[in-house]
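# Commentary on secondary and tertiary structure
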Amino acid sequence: MTMWSASLEEIETMHTLKVLSLRLIPFILAVCVLIGSIAPPADAQRRYRRRHNPEAGKGKAAKRIGIGAAIGAGAGGLIGGRKGALIGAGAGAGAGTVYHVHKKRSWRRHHRR
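Residues numbered from 1 in each chain as written. Predicted model: local features only at pLDDT ≥ 70, side-chain atom pairs only at ≥ 80, totals over all residues. Heavy atoms only, no water.

What follows deals with the overall build of the protein chain. Of regular secondary structure, the protein chain possesses three helices and zero strands. Beginning at the N terminus, the succession of helices and strands in the protein chain can be written as α-α-α. Per-residue burial for the protein chain yields a buried fraction of 13% across its 113 residues. For the protein chain, the accessible area works out to roughly 9,800 Å², and carbon and sulfur atoms hold 66% of it. (Helix = DSSP H or I, 4+ residues; strand = E, 2+ residues; numbered from the N terminus. Buried < 20%, exposed > 50% of the residue type's maximum accessible area, 1.4 Å probe, protein only. Areas by Shrake-Rupley, 256 points an atom, 1.4 Å probe, with all protein chains shown as cover.)

Below, the structure is given as structure tokens:
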């Protein structure tokens, strides 16, 4: 036997590896093509995304109206006692509402499509 001759087991192993690689390469290519066709392009995802107005929202509205009412009640209480606190709270809540609507519309006006 020469140095280049291979045993029967080595020949079978090489044949098995060759057959396996010939089946595996097309499978890997098919998977890559499938993944590439499923994933949309990055610009398509952004095109249909709707902008969220960070100035709008029930929580932000409640906070703004509540702060306005608290400041109004404090100022009214200092000026006119209990009755002044109630009137001040109503006026402060109204001012907080006006401020919230202004901020919401201002953001919308600056971020048109």
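Taken together, the side chains of Leu24, Phe27, Ile28, Val31 and Ile35 define a hydrophobic patch exposed on the protein surface, amounting to about 470 Å² of accessible area. If you trace the backbone, Leu24 turns up in helix H1 (residues 8–38). A residue is classified by how much of its surface remains accessible, and Leu24, at 43% relative accessible area, is partly exposed. (Patch = residues over 30% accessible without salt bridge, like charges linked within 9 Å, V, L, I, M, F, W, Y side chains within 5 Å. Salt bridge = Lys/Arg side-chain N within 4 Å of Asp/Glu carboxyl O.)

Here we come to the pattern of salt bridges. Tallied over the full model, the rule gives one salt bridge. With its nearest N and O atoms 2.5 Å apart, the salt bridge here joins Arg64 to Glu55. The residues Arg64 and Glu55 share a single accessibility class, namely buried.

Turning to the side chain of Asn53, a few remarks are in order. Relative to the elements of secondary structure, Asn53 occurs in the loop between helix H2 (42–47) and helix H3 (58–110). For Asn53, the side chain forms a polar contact with the main-chain nitrogen of Glu55, separated by 2.9 Å. When sequence neighbours within four positions are dropped, the list of residues in contact with Asn53 reads Lys104 and Trp107. (Polar contact = N/O pair within 3.5 Å; in protein donor to acceptor, adjacent residues only side chain to side chain. Contact = heavy atoms within 4.5 Å.)

Further remarks concern H1. Compared with an ideal rise of 1.5 Å per residue, which puts 31 residues at 45 Å, H1 spans 45 Å between its outermost C-alpha atoms and is within 8% of the ideal. Of all the 31 residues making up H1, zero are buried; the element is thus mostly uncovered. (Expected span 1.5 Å × (residues − 1).)

Between its terminal C-alpha atoms H3 stretches only 21 Å, short of the 78 Å expected from 53 residues at 1.5 Å a residue. Gly80 marks where H3 bends most, by close to 150°. (Bend = angle between axes of the 7 residues up to and from the residue.)

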